[in-house]
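Residue-level listing of the chains:
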Amino acid sequence: MADKLTIIVCIKQVPGITEIKINPETNTLIREGIENIINPFDTYAIEEGVRLKERFLSDTNNINSDIQVIAISMGPPQSKEILKEAISLGVDNGILLSDRAFAGSDTWATAYTLSKAIKKIEGWKIIILGKQTLDGDTGQVGPELAQILNIPFLGYASKIVEIDKNKIIIKRLMEDRYETFEMKLPVAISVGKDINIPRIPSLRGKMKAKSADIPVWDNKHLGLDEKECGLNGSYTQVIKIFTPEHKHEIKIIKGTPEEQVNEIYSRLKELNLI
Amino acid sequence: MEIKVDIQKCTGCGICKNYCMYDAIEIINKKAIINENCIYCGACVESCKYNAIEITSDNKIEKDFSDYKGVCVFLETHDNKIIDVGFELLSTGKILANNLGVNLSAVLICDNEPLNLYDVFKFGLNELFFVKSNIFINNTDDIFAKALVQVINKYKPEIFLAGATMFGRTLIPKVAAIIKTGLTADCTALSIDNDKKILLQTRPTFGGNILATIVTKNSRPQMATVRPHVMEIKYENKTNDTDNNQNNNNEKGLSLSDYRNKIKYIEIDESKFKTKYKLISKEKETEEKINLNDYDVIVSGGRGLGGADKFKMLKELAELLGGVVGASRAAVDSNWISYPHQVGQTGKTVNPKLYIAVGISGAIQHLAGMQTSDMIIAINKDPNAPIFKVANYGIVGDMFDIIPKLINKIKAGKPII
Amino acid sequence: MRYLLTEEQKMIVEICRRIVEERIIPVRAELDEKMIFPAEIIAEIGRSDLFRLFIPEKYGGMGTGIFEVCLATEELSRGDLSVATTYAASGLGFIPIILMGSEEQKERYLPQLASGEKLAAFGLTEADAGSDVSAIRTTAVKDGNYYILNGTKQWITNGGEADIYTVFAKTDPSRGARGVSAFIVEKGTEGFEFGKKENKLGIRASATRELIFNDCKVPKENLISKEGMGFIIIMKTFDQSRPAVGAQAVGVAQAALEEALNYSKIRFQFDSSISSFQAIQHMLADMATNVEAARSLVYYTAQAIDNGEKDISRLSAMSKLFASDMAMKVTTDAVQIFGGYGFMKDYPVEKMMRDAKITQIYEGTNQIQRNIIALDLIKKGFI
């Protein structure tokens, strides 16, 4: 009997807002042309999950293990797309948690819903998340999820030094220092850009993704009390959204490049910098 | 919970559709229709001039939180010192506490007495909870969380603040998950709603393009993490002090024993504090020790530079001014320069005396990280670049011409050593 | 998409574009300047299954046609011709095995070439034998179960980087071109060494080296097909591979055109963008038209091959000839549109111009292509 070893990668679909534009007259966002993408940090999580599987497979001790990488996402039905993309990058299967009852979840409600889904998956040993999302940018779901599952969480992993079926050794970069920790599995970790370079999807991966069937787990499947999920299950609530205003006076320095340079030079002098 | 469009009020103007980042609004027959992509973020509600959109959540019984009182701040230490964000939070916490007419307290968890311990009393702190034990030698968040939970459950502050440092951002969510309360990450502004006496937590989302104000509904404490360098450090104004510390807080300051009286040591049962993390090694990072906040001058480059080698001229200029090179996300994403140089929402928030932006168009996510700089000079060939909206001085021109000329001028003006 | 591509073909293009944007463009200038072989990029191309395209499924490939190979080559060439050349040269090295190799040879060599784990190379050219194959001096003398190879191959793309070499040597020097045979020689075989890495005008990041055979013992099982089949193998291989050289030319020309177009819109002279001047507009129009014409010919040729058209030498030569002459012209014009800036290494167009030149020379100079076309035309007329 092959024992199951499952690596779970949590990913989120976000609006790709790196190139966002603002209408200067109305001070509103221009939504047009923004595509939905995998949260950029999650692509590092996917890559690390796939690499871990490859690492396990290359170890002859695991010859009898059934090793798989599962990507989970929570969001509207269109989030299936990013799960397919994850499959094109080497993930074995995707699961979408989608239900109107989940909408409006804050980080706690998201972590709680994810925890319920993960508990239904066999053999999970490692959960990998991107260190934060592009839209919410909180980085809270990982540690909250780990706490709910009562497993250790290590943020900002920059290298998985060692791993076997029982333990993991991780090096991480904090503000000004590296720390290396050993933990017993299962664990949850979050990763940033320094851990790997995500691969480009393979042609066979893309073909597999195209025909992949993504199961959708709704609340009927997870069985959460409606009071525990979505907006109702959230401890925090957004009460106001607004665009920051910049009121400002600017002096445009005109003239030849030489005149412009002279003007900056005198400003720098005033600041006692030269 | 429901989101509704009042079709009487809706004019089909489509502004809400533009505001929605999740493709959740369609305009059909001149009316806004909200589809299943909606995540109830509320952006459309705010955007609608006609008040036609409404989100209703299930009415909950208002809980009684009268036993939660006071503002409490977590003081993170590093290298045996309380780090600056702790003092920033004490300054902000004091304002909130004064507003609510409650006490300001703080929690300190460490293995030793920090060298700058007594600085915490410069902010009108009423009480310091000190959990002192050798087990806290490393930043292992599980036992820190346990200690914090113990303090919070015992002293029940209504507001709990911590720094959004790397440690804080993993520790505090654990605490919130154990206590089962709301937590708002990375706040840039905190205030009190005077009617409801609740904490209004404002934070940037979408890379700083949008600000969201968040409240903690039906749980306490109201927890928030705050970015370092965002809040100002403000010492208590001693002469105008009107709170009950007035008598003690005279010009000469308190004596050491007065301070000692404000420290409450929290006893813990060490046998119950077993961490699941085994520290194998800890080393100072040496490869790239760039901390943008250590410099008064930052010369930043963006996409307009066009390549990694172009950063050389910025580096030269920065060094002449005693500063450091920064970069926009576009430049970092293009691998022209490493991540520690990145300024902006996803990089560092900085406020130097002088910020020179070269070839940076000024995506809002970048502006969010540097617009509080004392002086901003922007050089860009596009006169419509948003960077000019925050700059004090702007030059519309060719940076490849101007920067070398400026370098030469500074060099020429320098006495030869 | 202007051409009617299948889902799979679109995926190939998407993958190559990402490799170009994310992996090639950020480093291409440095690789060129320092002549660094793009090993990491080639590994990524391997991981993306692009080496699997033309190789039959039975041997770990994806069994596509030459058209798919051309799509991939064109897109990679948009990023960097050194990378595309390295990619295409491996194909050139393994096409003889696919076309004429024994079952054992295919099983042994193709899977590791399909995965990109190993690269192949094509060892034909010598100092005195370029266009004239019959002048090959490298010899292969049969000795029991081995052939003993002696001689030196010159300017071999992927030399030193490849693990598997298709090498052409004379088994019967008296028979001229008909005395040439093809062998598979593995890197590391005793008596097989590499000469210096050449310093080139263009495609500087690609590896170009001598292959030196000094009493090199090659097992007789490594003979491809039969003795004396070498020339036929060469011709059949080139018939298949020439459209890919055409695709390289289309790719590099497309890249130069895009650069020139973008630049013409942001470069202001006399208070107007230079794209508003008719002199520039007409250049851009000619460049775009020529790129499109070459692309059409390359695609048409590739599809003709994939449809099993037998007599394709003429068409194949035409696609290589037309596309490479076009690429030289278009990249030169792109430099012209950039003016003085185009002459500087700060912009990528001078490199594209240097790179484009090789497409007129390798895999049969354009003079040889004209010979092939003319002879075929005179012999067969219009079929």
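Remember, predicted model here, so these are calculated numbers, not experimental data.

Quick notes on the rules
- Residues numbered from 1 in each chain as written.
- Chains lettered and ligands numbered in written order.
- Predicted model: local features only at pLDDT ≥ 70, side-chain atom pairs only at ≥ 80, totals over all residues.
- Heavy atoms only, no water.
- Helix = DSSP H or I, 4+ residues; strand = E, 2+ residues; numbered from the N terminus.
- Buried < 20%, exposed > 50% of the residue type's maximum accessible area, 1.4 Å probe, protein only.
- Contact = heavy atoms within 4.5 Å.
- Areas by Shrake-Rupley, 256 points an atom, 1.4 Å probe, with all protein chains shown as cover.
- Lys, Arg positive; Asp, Glu negative; His and termini not counted.
- Charge placed at Lys NZ, Arg CZ, Asp CG, Glu CD.
- Pairing = 2+ DSSP bridges.
- Axes fitted to C-alpha atoms, helices over the stretch in contact; angles between N-to-C directions.
- Parallel < 35°, antiparallel > 145°, perpendicular 65-115°, else oblique.
- Left-handed = near helix turned anticlockwise from the far one by under 90°.
- Nonpolar A, V, L, I, M, F, W, Y, C, P; charged D, E, K, R; others polar.
- Polar contact = N/O pair within 3.5 Å; in protein donor to acceptor, adjacent residues only side chain to side chain.
- Phe/Tyr/Trp six-rings, centres within 6.5 Å; stacked < 30°, edge-to-face > 60°.
- Buried area = accessible area lost by both parts, 1.4 Å probe.
- Salt bridge = Lys/Arg side-chain N within 4 Å of Asp/Glu carboxyl O.
- Domains from an automatic or database assignment.
- pLDDT = per-residue confidence, 0-100.

### Looking at the overall build of chain B
Phase 1 of the analysis: What chain B contains, in helices and strands, is 10 helices and 22 strands.
Phase 2 of the analysis: In terms of its C-alpha atoms, chain B occupies a principal-axis envelope of roughly 75 × 65 × 50 Å.
Phase 3 of the analysis: Burial statistics for chain B: of 417 residues in total, 56% are counted as buried.
Phase 4 of the analysis: Partitioning the contacts of chain B with sequence separation of at least 6, the portion at a separation of at least 24 is 62%.

### Observations regarding the overall build of chain C
Phase 1 of the analysis: Tallying secondary structure elements over chain C gives 12 helices and 10 strands in all.
Phase 2 of the analysis: Seen along its three principal axes, the alpha-carbon backbone of chain C occupies a region of about 80 × 50 × 40 Å.
Phase 3 of the analysis: Looking at chain C residue by residue over its 383 residues, the buried ones come to 56%.
Phase 4 of the analysis: Surface accessibility of chain C: about 16200 Å² in total, with carbon and sulfur atoms responsible for 53%.
Phase 5 of the analysis: The centroid of the 45 positive side-chain charges in chain C is displaced by 3 Å from the centroid of its 51 negative side-chain charges.

### Observations regarding unusual backbone geometry
Phase 1 of the analysis: Residue Pro186(A) follows Leu185(A) across a cis peptide bond; omega there is 0°.
Phase 2 of the analysis: When you line up the elements, Pro186(A) lands in the loop between β11 (177-184) and β12 (187-191).
Phase 3 of the analysis: Here the amide bond leading from Arg220(B) into Pro221(B) is cis, since omega sits at -5°, within 30 degrees of zero.
Phase 4 of the analysis: Looking at the secondary structure, you find Pro221(B) in the loop between β14 (210-216) and β15 (222-226).
Phase 5 of the analysis: The phi torsion at Met35(C) lies on the positive side, around 55°, for a residue other than glycine.
Phase 6 of the analysis: Following the sequence through the fold, Met35(C) ends up in the loop between α2 (28-34) and α3 (39-47).
Phase 7 of the analysis: Under the relative-accessibility criterion, Met35(C) is labelled partly exposed at 25%.

### Focus: the sheet that holds β12(A)
Phase 1 of the analysis: The strand order β13(A)-β7(A)-β6(A)-β1(A)-β8(A)-β12(A)-β9(A)-β10(A)-β11(A)-β17(B) describes an open sheet built from 10 strands, whose pairing is mixed. Looking at strand neighbours, the two that pair on one side only are β13 (216-217) of chain A together with β17 (278-284) of chain B, the edges of this open sheet.
Phase 2 of the analysis: Packed on one face of the sheet, helix α3 (residues 107-118) of chain A meets β1 (3-11), β6 (65-74), β7 (93-97), β8 (124-130) and β13 of chain A and runs near 150° to β6(A).
Phase 3 of the analysis: On top of the sheet, helix α5 (residues 166-179) of chain B reaches β9 (153-163) and β10 (167-173) of chain A; it is set at about 105° to β9(A), its chief contact.

### Comments concerning the packing of α3(A) against helix α4 (residues 141-149) of chain A
Residue and element names in this part refer to chain A.
Phase 1 of the analysis: It is at 8 Å that the axes of α3 and α4 come closest, and there the two elements cross at 50°. Classed by the angle they form, the pair α3 and α4 counts as oblique. Considering only the axes of α3 and α4, their crossing is right-handed. Every residue of α4 that contacts α3 at Thr-107, Trp-108, Thr-110, Ala-111, Tyr-112, Leu-114, Ser-115 and Ile-118 is listed here: Val-141, Glu-144, Leu-145, Ile-148 and Leu-149.
Phase 2 of the analysis: A class-by-class count of the residues in the contact of α3 with α4 yields 9 nonpolar, 3 polar and 1 charged.

### Quick look at the side chain of Arg354(C)
Residues and elements named next belong to chain C.
Phase 1 of the analysis: Note that Arg-354 resides in helix α11 (residues 349-356).
Phase 2 of the analysis: Judged by relative accessible area, which is 13%, Arg-354 ranks as buried.
Phase 3 of the analysis: For Arg-354, the side chain forms a polar contact with the side chain of Glu-350, separated by 2.8 Å.
Phase 4 of the analysis: Residues contacting Arg-354, with those up to four places away along its chain left out, are Asp-32, Leu-201, Gly-202, Arg-204 and Lys-345.

### Let's talk about the packing of aromatic side chains
Phase 1 of the analysis: For the structure shown, the criterion picks out 29 aromatic pairs over all chains.
Phase 2 of the analysis: Between the aromatic rings of Phe181(A) and Tyr277(B), the centroid separation amounts to 5.7 Å while the plane-to-plane angle is 70°, which identifies the pairing as edge-to-face. Of the two residues, Phe181(A) sits in strand β11 while Tyr277(B) sits in the loop between β16 (263-265) and β17, which places them in two different chains. Of the two residues examined, Phe181(A) and Tyr277(B), each falls in the buried class.

### With respect to the sheet that holds strand β12 (residues 189-193) of chain B
Phase 1 of the analysis: Sheet architecture is open: 4 strands sit in the order β14(A)-β14(B)-β13(B)-β12(B), paired in antiparallel fashion. Looking at the sheet topology across the chains shown, the edges are occupied by β14 (236-242) of chain A together with β12 of chain B. Strand-to-strand twist across the sheet, computed as the mean angle between neighbouring axes with direction ignored, equals 30°.
Phase 2 of the analysis: Relative to strand β13 (residues 198-205) of chain B, β12(B) is paired through 5 bridges, and the arrangement is antiparallel. Pairing of Ala189(B) across the sheet is with Thr202(B), part of β13(B).

### Comments concerning the interface of chain C and chain A
Phase 1 of the analysis: Taken together, the contacts link 18 residues of chain C with 12 residues of chain A.
Phase 2 of the analysis: Across the chain C to chain A interface the summed buried area is about 1400 Å²; carbon plus sulfur atoms make up 66%.
Phase 3 of the analysis: Summed over the three residues of chain C that lose the most area to chain A, namely Met11(C), Ile15(C) and Arg18(C), the buried surface amounts to 34% of that side.
Phase 4 of the analysis: The tally of links between chain C and chain A comes to 2 salt bridges.

### Focus: the packing of helix α4 (residues 66-79) of chain C against helix α8 (residues 278-306) of chain C
Residues and elements named next belong to chain C.
Phase 1 of the analysis: The contact between α4 and α8 brings their axes to 7 Å, and the two run at 150°. On the basis of the axis angle, α4 is roughly antiparallel to α8. Of the residues in α8, those touching α4 at Ile-66, Phe-67, Glu-68, Cys-70, Leu-71 and Glu-74 are Arg-295, Val-298, Tyr-299, Ala-302, Gln-303, Ile-305 and Asp-306.

### Some points on the domain arrangement of chain B
Phase 1 of the analysis: Structurally, chain B comprises domain 1 (2-56), domain 2 (71-272) and domain 3 (292-413).
Phase 2 of the analysis: When each unit is reduced to the centre of its C-alpha atoms, the spacing between domain 1 of chain B and domain 3 of chain B is 39 Å.

### Description of the pairing of strand β2 (residues 25-28) of chain B
Residues and elements named next belong to chain B.
Phase 1 of the analysis: Pairing of β2 with strand β3 (residues 31-34) involves 4 bridges; the strand directions are antiparallel. Bridged to Ile-27 within β3 is Ala-32.
Phase 2 of the analysis: Joining the antiparallel neighbours β2 and β3 is a turn of 2 residues, in which Asn-29 adopts a positive phi near 50°.

### Quick notes on the confidence of the model for chain B
Detailed conclusions should not be drawn from predicted coordinates in areas where pLDDT is low.
Phase 1 of the analysis: Averaged over all residues, the pLDDT of chain B equals 87, while 91% of them reach at least 70.
Phase 2 of the analysis: This stretch, residues 239-252 of chain B, has a pLDDT under 50; its non-local contacts, to residues over four places away or in other chains, come to 17 contacts.

### Quick word on the domain arrangement of chain C
Residue and element names in this part refer to chain C.
Phase 1 of the analysis: For chain C, the assigned domains are domain 1 (7-119), domain 2 (121-228) and domain 3 (231-380).
Phase 2 of the analysis: Taken together, the contact pairs 24 residues of domain 1 with 35 residues of domain 3.
Phase 3 of the analysis: When domain 1 packs against domain 3, the two sides together hide about 2400 Å² of surface, and 66% of this comes from carbon and sulfur.
Phase 4 of the analysis: Ranking the residues of domain 1 by area buried against domain 3 places Phe-67, Glu-74 and Leu-81 at the top, with a combined share of 25%.
Phase 5 of the analysis: Linking domain 1 with domain 3 are 5 salt bridges, by the criterion used here.
Phase 6 of the analysis: Of the charged contacts in the structure, one is a salt bridge between Arg-78 and Glu-258, with a shortest N-O distance of 3.1 Å.
Phase 7 of the analysis: The interface formed by domain 1 and domain 3 contains 8 residue pairs in polar contact (both at pLDDT 80 or more).
Phase 8 of the analysis: Of all the secondary-structure elements, those providing two or more residues to the side of domain 1 that touches domain 3 are α2, α4 and α5 (81-100).

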